[in-house]
Amino acid sequence: MRKLALDALDQLTLGATLLGTGGGGDPFIAKLMVEQAINDHGPIDIVGLDELSAAAQLATVAVVGAPTVIVEKIPSGSEFADAVRALVSYLGRDIDAIMPVEVGGMNTLIPLAVAAELGVPCVDADGMRRAFPQIEMTTFTLAGLSASPMSLADEKGNRIAFETVSNQVGEKLVRGSAMMLGLANALAAYPMTVAEARDAAVWGSMRYCSEIGGLLRAVQRREEGSWDRFLDFADGRIVFDGKIIDLDRRTTTGFARGTVVVEDFAGPGRTLRIEIQNELLLAIENGRPVVTPPDLICMLDFETAEPITTESLAYGQRVRVLGLPCADGWKRDGMLDVVGPAAFGYDVDYVPLKG
């Protein structure tokens, strides 16, 4: 077990923003929530899956909606603990620890604040080691675990708890409910035992998030060799440098969807088109797929190396696009059915970033 104190938040937040692959919501508000939780309750306990009893009960907690809405609709803070309490009431037993469903954006940080408020530890693991837009797109689904029972809560005190026959149906019900409740709501889902999580989760993802954030901070400070150290740690590569010349972004069917086109600094002979569904999902260079899900597309400001979220994309921005390989936890049979290009409706083959 280790303690998360205020001085570690900046590095963790930067890593969360990067691994959000443009989505997951802007972590600024979530960081303030964690700061308040630490001030109110003290440093937050973070535990590994091997430090808890196999029979201990876990649940994930997250914000669900569209980043373009979340950035304007600030959470009250109480709805996330309310969602967990609604799930506890439905299950008829307490939750022993909170786990992030994804490590990316707000959903890295909100579970920490909820764990502190409820007086339980936060688990150093998740179901993606990145952000994905749909509830069923997790290593938990890949391992055969159910997302339900699950619960949804809003800032006004409305709570919903329900069970579904599949995680895909759960996504549809949650998305439809969230659209009626303002498209920026709290979700508690994937109740599981630690024994189940040990097999299904991506271990050490929060530590990874903090470490990659520290390496990116060194890049921002322009330390010698920092880019090489960052890319070596992440096993990634620089995919494209250029300027945004076209942007189509809209909020529809419960998501922020769109396309962003980046032109090479040298001129119009080379362009990169990136498809968006909350996150940056598919990168196509001059008609050829170069980064496909579940591998990560991360967009940074070219001068400052600050990660850019999809709701803050703008015409004329000078950007650097990175490709990072997905976590090894995804390397199971059925991966492409859950998070491959076809799962998002793209008629392209998966192109592994590594080999």
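Preceding this section is the structure that the text describes.
Draft legend 1. Molecular detail of the overall build of the protein chain. Helices and strands together make up the secondary structure of the protein chain, namely eleven helices and 17 strands. For 355 residues, the compact-globule formula gives about 20 Å, and the C-alpha radius of gyration of the protein chain, at 19 Å, lands near that figure. C-alpha extents for the protein chain along the principal axes are approximately 60 × 40 × 40 Å. A burial count over the protein chain gives 61% of its 355 residues as buried. Of the contacts formed within the protein chain by residues at least 6 apart in sequence, a portion of 73% connects residues at least 24 apart.

Draft legend 2. Region of the structure containing the state of the cysteines. The full count for this structure, using the stated rule, is zero disulfides. No disulfide involves C122; its sulfur sits 11 Å from that of C209, the nearest cysteine. Owing to a relative accessible area of 0%, C122 belongs among the buried residues under this scheme. Just so you know, C209 is unpaired, no disulfide at all, and the nearest cysteine sulfur is the one on C298, 11 Å from it.

Draft legend 3. Representation of the sheet that holds strand 16 (residues 296-301) in the model. With antiparallel pairing, the seven strands of this open sheet are ordered in space as 15-14-13-12-11-17-16. Among the strands making up the open sheet, the edge pair consists of strand 15 (288-291) and strand 16. Each strand axis lies, on average, 35 degrees off the axis of its neighbour in the sheet, ignoring direction.

Draft legend 4. Seen up close, helix 2 (residues 27-41). Here helix 2 contains 15 residues, and its C-alpha end-to-end distance of 20 Å stays within 8% of the 21 Å for a straight helix at 1.5 Å per residue. Looking at the buried residues of helix 2, the elements they touch are strand 1 (2-4), helix 1 (9-19), strand 2 (44-47), helix 4 (78-91) and helix 5 (106-118). Positive phi appears at G42, one or two residues downstream of helix 2, with a value of about 90 degrees.

Draft legend 5. Expanded view of the pattern of salt bridges. Counted by the stated rule, this structure contains 19 salt bridges. Across the pair R221 and E223 runs a salt bridge whose closest N-O atoms are separated by 2.8 Å. The class for R221 is exposed, based on a relative accessible area of 52%. Ionic pairing is found between R250 and D248, a salt bridge with its closest N-O pair at 2.9 Å. Judged by its relative accessible area of 41%, R250 is partly exposed. Note on D248: relative accessible area 38%, which makes it partly exposed. One network of salt bridges, in which partners are shared, links D82, R85, E117 and R159.

Draft legend 6. The arrangement of the side chain of T60 in detail. Mapped onto the fold, T60 is located in strand 3 (residues 57-65). Among the polar contacts listed, one links the side chain of T60 to the backbone oxygen of A189, at a separation of 2.9 Å. Beyond its immediate chain neighbours, meaning those up to four positions away, T60 contacts M99, P100, V101, F140, L187, A188, A189 and Y190.

Draft legend 7. Up close: the environment of L19. Considering the arrangement of structural elements, one finds L19 in helix 1. In contact with L19, not counting residues within four places along its chain, are V103, G104, R129, R130, A131, Y208, C209, I212 and L296.

Draft legend 8. Just the packing of helix 1 against helix 5, in detail. At a minimum axis distance of 8 Å, the contact between helix 1 and helix 5 shows a crossing angle of 140 degrees. In this view, helix 1 runs oblique relative to helix 5, as classed from their interaxial angle. Contacts between helix 1 and helix 5 involve L9, L12, T13 and A16 from the first element and T108, L109 and L112 from the second. Tallied by class, residues from the contact of helix 1 with helix 5 come to five nonpolar, two polar and no charged.

Draft legend 9. Just the packing of aromatic side chains, in detail. All chains considered together, the criterion is met by seven aromatic pairs. A ring pair is formed by W227 and F230, whose centres lie 5.7 Å apart and whose planes are at 90 degrees; its orientation type is edge-to-face. Linking W227 with F230, this pair stays in helix 10 (residues 226-234), spanning three residues, or about one helical turn. Accessibility expressed as a relative area gives 23% for W227, which makes it partly exposed.

Draft legend 10. Expanded view of helix 1. Among the eleven residues of helix 1, nine are classified as buried, and the element is accordingly described as predominantly covered. Those residues of helix 1 that fall on the buried side of the exposure criterion are L9, L12, T13, L14, G15, A16, T17, L18 and L19. Following helix 1 by one or two positions, T21 adopts a phi angle in the positive range, close to 45 degrees.

Draft legend 11. Fine view of the side chain of D241. Here D241 shows up in strand 11 (residues 237-252). Those residues in contact with D241 that sit more than four places away from it in its chain are E263, D264, F265, F302, V319, R320 and V321.

Draft legend 12. Structural view of unusual backbone geometry. With an omega of 5 degrees, the peptide bond running from S148 to P149 counts as cis. Here P149 lies in the loop between helix 6 (139-142) and strand 7 (150-153). The omega torsion across P293 and P294 is 15 degrees, close enough to zero to call that bond cis. Within the secondary structure layout, P294 lies in the loop between strand 15 and strand 16. Of note, R222 is a non-glycine position whose phi angle comes to about 60 degrees, a positive value. Position of R222 among the secondary structure elements: in the loop between helix 9 (205-220) and helix 10. Overall, the relative accessible area of 64% leaves R222 in the exposed class. Within the chain, N278 stands out as a residue other than glycine whose phi angle is a positive 65 degrees. With respect to the helices and strands, the residue N278 is situated in the loop between strand 13 (271-277) and strand 14 (279-285).

Conventions and cut-offs
Residues numbered from 1 in each chain as written. Predicted model: local features only at pLDDT ≥ 70, side-chain atom pairs only at ≥ 80, totals over all residues. Heavy atoms only, no water. Helix = DSSP H or I, 4+ residues; strand = E, 2+ residues; numbered from the N terminus. Rg over C-alpha atoms; globule rule 2.2 N^0.38 Å. Buried < 20%, exposed > 50% of the residue type's maximum accessible area, 1.4 Å probe, protein only. Contact = heavy atoms within 4.5 Å. Disulfide = S-S within 2.5 Å. Pairing = 2+ DSSP bridges. Axes fitted to C-alpha atoms, helices over the stretch in contact; angles between N-to-C directions. Expected span 1.5 Å × (residues − 1). Salt bridge = Lys/Arg side-chain N within 4 Å of Asp/Glu carboxyl O. Polar contact = N/O pair within 3.5 Å; in protein donor to acceptor, adjacent residues only side chain to side chain. Parallel < 35°, antiparallel > 145°, perpendicular 65-115°, else oblique. Nonpolar A, V, L, I, M, F, W, Y, C, P; charged D, E, K, R; others polar. Phe/Tyr/Trp six-rings, centres within 6.5 Å; stacked < 30°, edge-to-face > 60°.

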